[in-house]
Amino acid sequence: MPMPSQPPDRSPREELENHCFSQAIDLQFCQWPEFRLELVNGQFLVGGTLDGSRWLLKEALIGWGLESAIAFAPLDRWWEALRLGYSVSCQTEADWLLWAESLPLSAIYRDETHPPLGSKYVGEHRWIRDYLIQALSSALSRSYLGSRFGPNYGMQLGQDLLIPDIFLLTAEQLSQNISHDYYTEVAAHLIIEIGLPEQSTVDQQIRRNLYERAQVAHYWIVDPALKQFQFWQWTPDGYQSGRLDPDGCYRGVANLSFSPSIFWLAYEESRSPYLQKLSAFTCVNQPRQWQLRKEPGAELSYGSLPFAPVVGLAPQPISPEQFIAWCPETKLEGGPFPLVGGVTGTRNAIALLLMSLGLVETVKLMPGYEWVRVLRRLAREQQQDAQQRERWWQQASAIARRLKDEHGVGGIGVIGSLLNDQPLNTWSKIQLILWDVPEGFRKWQVWQTLPDSPPVELTEAVWALPGDRPEISQRMQILEGTQKPHGPRPQERMKFHWVEPDAAT
């Protein structure tokens, strides 16, 4: 009997597409990009690519509505984006209606398929990452060789800010005091990336080129499908492949030994990494000990800058300072989907995506008639902005009186949307600043008595984000009380200290 013909070899991406078509479960992990938010070449990237950024912005437009993006630019600019994006010359409302009516009504844009951006190895990726973190952290804790960072901790390389899966800074690097709450300012000594085989270009080419250019001394790539490690060492001629010693260990990183066979032993036995008796990593104990201590000092962190994104027809570059101050927590949830680090984080993410793609590219993500419909509705709503703003002021004043009379709050002021010249939008809220707050005050009890609309935010002045401090001190309008609020709470940052032998004992 003749043997059945064998299908030609397929690439990992083609295998993933086949898996997506044949499996009804776990489709989201195949379609969704790795949720890693980074800054590369002034652009806000999701999963290391602009395709991932387009995916997230489109999902946000569907889940939060087009008004969630329209809020960041004047309506006239959006109409111009439609002209350029769809190559039309409409000028009047009648022109736009006629054009919109000529478009086929369809919901295909909600269900249309794109090349999958994720991987069927998401579970293996997480297991490998967690085990490596546990094993490396345990070895480092006893040796004083350095400190492990990641995931969700940034590494600034010039104007880029990358988020490796795992990286190591040596004690000598830490002694430069270049590590902050959210990021470090130096190229890591060792970076470990757990690859997604279907998206191998990201780690094998894009990230490798970035790390090589930054002279990251050691770069390891883990392939969860082949169960292999690649070891790269930086040289003046670029990265060179590292080799295992005869005993099966890799010792290319000074004072650090790694055994791939011990690592994969736990993986093959499907045992929890936290029960593994043998350590994949061993470190040579260093002669000098050190500590990181919290000390007074200010540093750039989330909320350090006022939120003022610049959104244009064409992409606008994002600075590292803006990225650090505005980028939300890397946490993707639903209700509505996508919820990226809470409502404020979602707002920030949409703005950063708009800056990276520009309005002309953004309008292509959704049908033209949807944009015409929402833009016309928002134009009508903006005609009533003065009346709505007056109602919000009345409500803010009423809440301030309650806070003073019923809860004993000494002073209440308003900042944010009510003080801005732009029309109120879907992200607008009544933002109240409180000071001289009595001990035992419970904000959640006040929130429970407030209506759902408009949204109200209560912030004690001492806990206000640094980016809000200029507005509080310069523009805030006091509703109750007379004194200005006290200054912000003292800030702290981590400082490195070598520990003398006597002090260590």
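Residues numbered from 1 in each chain as written. Predicted model: local features only at pLDDT ≥ 70, side-chain atom pairs only at ≥ 80, totals over all residues. Heavy atoms only, no water.

1. A word on the confidence of the model for the protein
Next, step 1: Scored by pLDDT, the protein comes out at a mean of 90, with 90% of its residues at no less than 70.
Next, step 2: Across residues 1-8, where pLDDT falls below 50, the model places 0 contacts with residues more than four positions away in sequence or in other chains.
Next, step 3: Across residues 20-25 the pLDDT falls below 50, and counting only partners more than four positions away or on other chains, this stretch makes 4 contacts in the model. (pLDDT = per-residue confidence, 0-100. Contact = heavy atoms within 4.5 Å.)

2. Some words on the pattern of salt bridges
Next, step 1: Tallied over the full model, the rule gives 22 salt bridges.
Next, step 2: A salt bridge links Glu 193 to Arg 36; its shortest N-O distance comes to 3.0 Å. With Glu 193 in strand E8 (residues 190-194) and Arg 36 in the loop between helix H2 (27-31) and strand E1 (37-40), this pair connects stretches of sequence that are 157 residues apart.
Next, step 3: For Arg 36, a relative accessible area of 4% puts it in the buried group.
Next, step 4: The residue Glu 471 makes a salt bridge to Arg 475 at a minimum N-O spacing of 3.1 Å.
Next, step 5: You can call Glu 471 buried: its relative accessible area is 16%.
Next, step 6: Salt bridges linked by common partners bring Glu 34, Arg 36, Asp 165 and Glu 193 together as one network. (Salt bridge = Lys/Arg side-chain N within 4 Å of Asp/Glu carboxyl O. Helix = DSSP H or I, 4+ residues; strand = E, 2+ residues; numbered from the N terminus. Buried < 20%, exposed > 50% of the residue type's maximum accessible area, 1.4 Å probe, protein only.)

3. Let's talk about the nonpolar core
Next, step 1: Of all hydrophobic cores here, the largest spans 59 residues; its most connected members are Phe 44, Ile 70, Trp 78, Leu 354 and Trp 371.
Next, step 2: When residues in this core are grouped by element, the largest group, 11 residues, is from helix H13 (residues 342-363).
Next, step 3: In terms of nonpolar packing, the next biggest core, distinct from the first, is built from 29 residues, Leu 145, Phe 231, Val 253 and Ala 280 among them. (Core = buried A, V, L, I, M, F, W, Y, C linked by side-chain atoms within 4.5 Å.)

4. Considerations on the packing of helix H6 (residues 93-102) against helix H14 (residues 368-382)
Next, step 1: Close contact between H6 and H14 brings their axes to 9 Å; oriented N to C, the two are set at 145°. Here H6 runs over H14; the crossing is left-handed. Packed against H6, whose contacting residues are Glu 93, Trp 96, Leu 97, Trp 99 and Ala 100, the element H14 presents Gly 368, Tyr 369, Val 372 and Arg 376 at the interface.
Next, step 2: Partitioning the contact of H6 with H14 into residue classes produces 6 nonpolar, 1 polar and 2 charged. (Axes fitted to C-alpha atoms, helices over the stretch in contact; angles between N-to-C directions. Left-handed = near helix turned anticlockwise from the far one by under 90°. Nonpolar A, V, L, I, M, F, W, Y, C, P; charged D, E, K, R; others polar.)

5. Remarks on the sheet that holds E8
Next, step 1: With mixed pairing, 6 strands are arranged side by side in an open sheet as E3-E6-E8-E9-E10-E11. One side of each edge strand has no neighbouring strand; the edge strands of this open sheet are strand E3 (146-149) and strand E11 (238-241). Across this sheet, the average inter-strand angle for adjacent strands is 20°, counted without regard to direction.
Next, step 2: Examined bridge by bridge, E3 and strand E6 (residues 166-170) share 4 bridges and lie antiparallel to one another. Bridge assignment links Ser 147 to a residue of E6, and that residue is Leu 169.
Next, step 3: Against the sheet, helix H8 (residues 122-143) makes contact with E3, E6, E8, strand E9 (218-223) and strand E10 (228-235), and its axis sits at roughly 160° relative to E3, the strand it touches most.
Next, step 4: Against the sheet, helix H10 (residues 200-213) contacts E8, E9, E10 and E11, and its axis sits at roughly 170° relative to E9. (Pairing = 2+ DSSP bridges.)

6. Section: the packing of aromatic side chains
The geometry of an aromatic ring pair is captured by two quantities: the separation of the ring centres and the angle between the planes.
Next, step 1: Taken as a whole and judged by the stated rule, the model has 35 aromatic pairs.
Next, step 2: An angle of 55° between the planes, with centres 6.1 Å apart, marks the rings of Phe 44 and Phe 323 as tilted. With Phe 44 in strand E2 (residues 43-46) and Phe 323 in helix H12 (residues 320-326), this residue pair connects regions lying 279 residues apart in the sequence.
Next, step 3: A ring pair is formed by Trp 78 and Trp 371, whose centres lie 5.1 Å apart and whose planes are at 20°; its orientation type is stacked. Linking Trp 78 in helix H5 (residues 75-86) with Trp 371 in helix H14, this pair joins segments that are 293 residues apart in sequence. Each member of the pair, Trp 78 as well as Trp 371, is classed as buried.
Next, step 4: Cluster of aromatic residues (ring-pair linked, three or more members): Trp 127, Tyr 131, Trp 220, Phe 229, Phe 231, Tyr 250, Phe 258, Phe 263, Trp 264 and Phe 281.
Next, step 5: Lying over the aromatic face of Trp 232, Arg 208 brings its terminal NZ or CZ to 4.0 Å of the ring centre. (Phe/Tyr/Trp six-rings, centres within 6.5 Å; stacked < 30°, edge-to-face > 60°. Lys NZ or Arg CZ within 6 Å of the ring centre and 35° of its normal.)

7. Quick look at the side chain of Ser 356
Next, step 1: Mapped onto the elements, Ser 356 comes out in helix H13.
Next, step 2: Among the polar contacts listed, one links the side chain of Ser 356 to the backbone oxygen of Leu 352, at a separation of 3.0 Å.
Next, step 3: In contact with Ser 356, not counting residues within four places along its chain, are Gly 42, Gln 43, Phe 44, Pro 315, Gln 316 and Ile 318. (Polar contact = N/O pair within 3.5 Å; in protein donor to acceptor, adjacent residues only side chain to side chain.)

8. A look at the sheet that holds strand E17 (residues 411-415)
Next, step 1: Strand order in the open sheet formed by 4 strands is E19-E18-E17-E20, with mixed pairing between adjacent strands. Edge positions in the sheet fall to strand E19 (456-460) and strand E20 (477-480), since each has one partner strand and no second. Averaged over all neighbouring strand pairs, the angle between strand axes comes to 30°, with direction disregarded.
Next, step 2: Two strands pair when backbone bridges link them, and E17 and strand E18 (residues 430-435) are joined in this way by 5 bridges, in the antiparallel orientation. Along E18, the bridge assignment pairs Val 414 with Leu 432.
Next, step 3: Lying over the sheet, helix H15 (residues 385-407) contacts E17, E18, E19 and E20, oriented at roughly 50° with respect to E20.

9. Examining H13
Next, step 1: In this model H13 runs just 25 Å from its N-terminal to its C-terminal C-alpha over 22 residues, more than 12% under the 32 Å that 1.5 Å per residue would give.
Next, step 2: Bending of H13 peaks at approximately 90° at the position of Leu 357.
Next, step 3: With 18 of its 22 residues buried, H13 lies for the most part within the structure. (Expected span 1.5 Å × (residues − 1). Bend = angle between axes of the 7 residues up to and from the residue.)

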